Amino acid sequence: MEIRIDTRTLTPAGFGIEISGFDMSRLDNQSSQVLTQAFLDHGGLLVLRDQALENPNDLCQFTALFGELENNEKYDPRYLLPDYPEILRIGNTMENGQHNALFIRADPSPLLWHCDDSFRHPQPMGSCLYCVQAPPSGGETGFAGMAAAYEGLSETMKSRIDGLVTIHSYDHLNKLLRRRNPHRPPLSHAMKQEHPPVRRPLVACHPITQRKSLYLPLCHIESIEGMTATEGEALLEELQAHAIQERYTYFQQWRPGDLVLWDNRCTLHAPTPFDDESYTRLMYRLTVTGRQISAA
Ligand SMILES: [Fe+2]
């Protein structure tokens, strides 16, 4: 069947693509190829609108085009969609007086730009969010294209950072979150053992496109090898300020039926807060594993 789809690039730098005229319940070989290629060609951000989710299998099949689905074993089973361990509910919805979705209240600015679990090896390759319910304002998700951001750096900066190695640490992230929310417990000894710090390149090479990108989830990065803490922090902050400029970023204002997939290897994302006392937000999240970045 001939498919007629319309596309819209989401940022001036060419990062991100919105595709309309496609129905995820009618996935076939041709549409699968168009979608996966569009995702790669636009720096790893794909937005689909108006997807009626009649069968959660359709969402699983769509997401599985991009990698192998994870089963969310680390989450409370009450947060998973019944019969679909691949689908984690995220939001402030309740059932019998208890949260039935993972609820993490986002902080106002400065936003927490990150890619998921870069301190975990292997890192989840990408994630997908499907919007079930959205507040009238707020609760957006920002996305930043790290390949476009890298390409926009001066040659001097590129040669300064090519080859640098950073240390990503869950403990570092947890300490930062505890400074914002003192009720958050410190990381247990077992968790520290399970997630020891990992070395990551500051400039990453994408395993499929071979495109170079900044690998810059600042809140996960404890240090840069060979630099003092002050020097490292100053460099990382300078790079992040560059990477989250308007020309590289897109904010998804969610409406029910939106489906967004991103590549953790070459994008950052950040949640924004909403009035969770007055409104409900519910998303389905799927996570996929896949090939890993390498040093550029
Ligand atoms: Fe995230």
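Residues numbered from 1 in each chain as written. Predicted model: local features only at pLDDT ≥ 70, side-chain atom pairs only at ≥ 80, totals over all residues. Heavy atoms only, no water.

J.: Looking at this model, I keep getting lost on the side chain of K158. Mind explaining?
T.: Relative to the helices and strands, K158 resides in helix α4 (residues 155-161). By relative accessible area, which is 12% here, K158 ends up buried. For K158, the residues in contact, after removing those within four places along its chain, are Y150, E151 and L153. (Helix = DSSP H or I, 4+ residues; strand = E, 2+ residues; numbered from the N terminus. Buried < 20%, exposed > 50% of the residue type's maximum accessible area, 1.4 Å probe, protein only. Contact = heavy atoms within 4.5 Å.)

J.: Help me out: how do you make sense of the nonpolar core in this one?
T.: Taken as a class, soluble globular proteins show a tendency for nonpolar side chains to be buried jointly. If you look at the biggest cluster of nonpolar residues, it comprises 29 residues, and the most contacted ones within it are M146, I161, L214, L216, L235 and L239. If you list the elements that add at least two residues to this core, you get α3 (146-151), α4, β13 (203-205), β15 (221-224), α7 (229-243) and β18 (267-271). Once residues lying within four places of it in the same chain are set aside, the contact partners of L239 are L153, M157, I161, L202, L214 and L216. (Core = buried A, V, L, I, M, F, W, Y, C linked by side-chain atoms within 4.5 Å.)

J.: Would you mind showing me how to read the state of the cysteines here?
T.: Overall, the coordinates contain 0 disulfides when judged by the stated rule. Unpaired in terms of disulfides, C115 finds its nearest cysteine sulfur in C219, a separation of 8.4 Å. For C266, which is in no disulfide, the shortest distance to another cysteine sulfur is to C115 and amounts to 9.7 Å. (Disulfide = S-S within 2.5 Å.)

J.: Looking at this structure, I do not really get helix α2 (residues 56-63). What am I missing?
T.: Residues three or four positions apart in an α-helix share a direction because the helix packs 3.6 residues into each turn. Most of α2 is tucked away: 6 of the 8 residues are buried. Every buried residue of α2 is accounted for by P56, D58, L59, C60, F62 and T63. At the N-terminal boundary of α2, the capping side chain belongs to N55, with an oxygen 2.9 Å from the backbone nitrogen of N57. (Polar contact = N/O pair within 3.5 Å; in protein donor to acceptor, adjacent residues only side chain to side chain.)

J.: Can you walk me through the sheet that holds β15 in this structure?
T.: In sheet architecture, strand pairing relies on hydrogen bonds along the backbone and comes in two forms, parallel and antiparallel. Across the sheet, 3 strands lie side by side as β12-β11-β15; this open sheet has antiparallel pairing. The two strands at the open ends of the sheet, each matched to only one other strand, are β12 (198-201) and β15. Between one strand and the next, the sheet's axes are offset by a mean angle of 35°, whatever the strand orientation. Across 3 bridges, strand β11 (residues 165-168) lies against β15 in antiparallel orientation. (Pairing = 2+ DSSP bridges. Axes fitted to C-alpha atoms, helices over the stretch in contact; angles between N-to-C directions.)

J.: Looking at this structure, I do not really get the pairing of strand β2 (residues 17-20). What am I missing?
T.: Each regular strand carries side chains that alternate between the two faces of the sheet. Bridging between strand β1 (residues 6-9) and β2 involves 4 bridges; their strand directions are antiparallel. Across the sheet, T7 pairs through a bridge with I19, a residue of β2. Pairing analysis gives 3 bridges linking β2 to strand β3 (residues 45-48), with the strands arranged parallel. Bridge pairing in β3 links E18 to V47. Of the crossover connections in this fold, the one passing from β2 over helix α1 (residues 29-41) to the parallel β3 is right-handed. (Right-handed = clockwise from strand over helix to strand, strands pointing away.)

J.: Is there a simple way to think about the coordination of the iron ion in this case?
T.: In ideal tetrahedral geometry, four donors around a metal make angles of 109.5 degrees, whereas ideal octahedral geometry with six donors gives angles of 90 or 180 degrees. With distances of 2.2 Å, the protein atoms coordinating the iron ion are H114 (NE2), D116 (OD) and H269 (NE2). Considered as a linear motif, the donors of the iron ion on their single chain read H-x1-D-x152-H. Exposure remark for D116: the relative accessible area of 11% places this residue in the buried category. (Donors = N, O, S within 2.8 Å, 3.2 Å for Na, K, Ca; no water.)

J.: Which parts of the structure should I look at to understand the UniProt feature "domain: TauD/TfdA-like" (unreviewed entry) in the chain?
T.: According to UniProt, the feature "domain: TauD/TfdA-like" (unreviewed entry) maps to residues 7-287 in the numbering used here. Helix makes up 23% of residues 7-287 and strand makes up 28%, while its end C-alpha atoms are separated by 24 Å. (UniProt positions renumbered as here; feature names shortened; annotations may be inferred.)

J.: I would appreciate a short explanation of the sheet that holds β13 in the present structure.
T.: Here 3 strands make up an open sheet; going across it, the order is β14-β13-β20 and the pairing antiparallel. Edge positions in the sheet fall to β14 (212-214) and β20 (294-295), since each has one partner strand and no second. Both β13 and β20 contribute to a ladder of 2 bridges, which runs antiparallel. Within the sheet, the bridge partner assigned to C205 lies in β20 and is S294.

J.: What is the right way to look at α1 in this model?
T.: If you check α1, its first and last C-alpha atoms are 18 Å apart, about what 13 residues at 1.5 Å a residue would give, namely 18 Å. All buried positions along α1 are accounted for by S31, S32, L35, A38 and F39. Seen from one end, α1 has its buried residues packed into an arc of 140°, which puts them on one side. In α1, the exposed positions angled more than 90 degrees off the buried face are occupied by N29 and Q33. The secondary structure elements touched by the buried residues of α1 are β2, β3, α2 and β17 (259-263). In this structure D28 caps α1, since a side-chain oxygen of it lies 3.2 Å from the backbone nitrogen of Q30. Following α1 by one or two positions, G43 has its phi on the positive side, about 70°. (Expected span 1.5 Å × (residues − 1). Arc of directions from axis to C-beta.)

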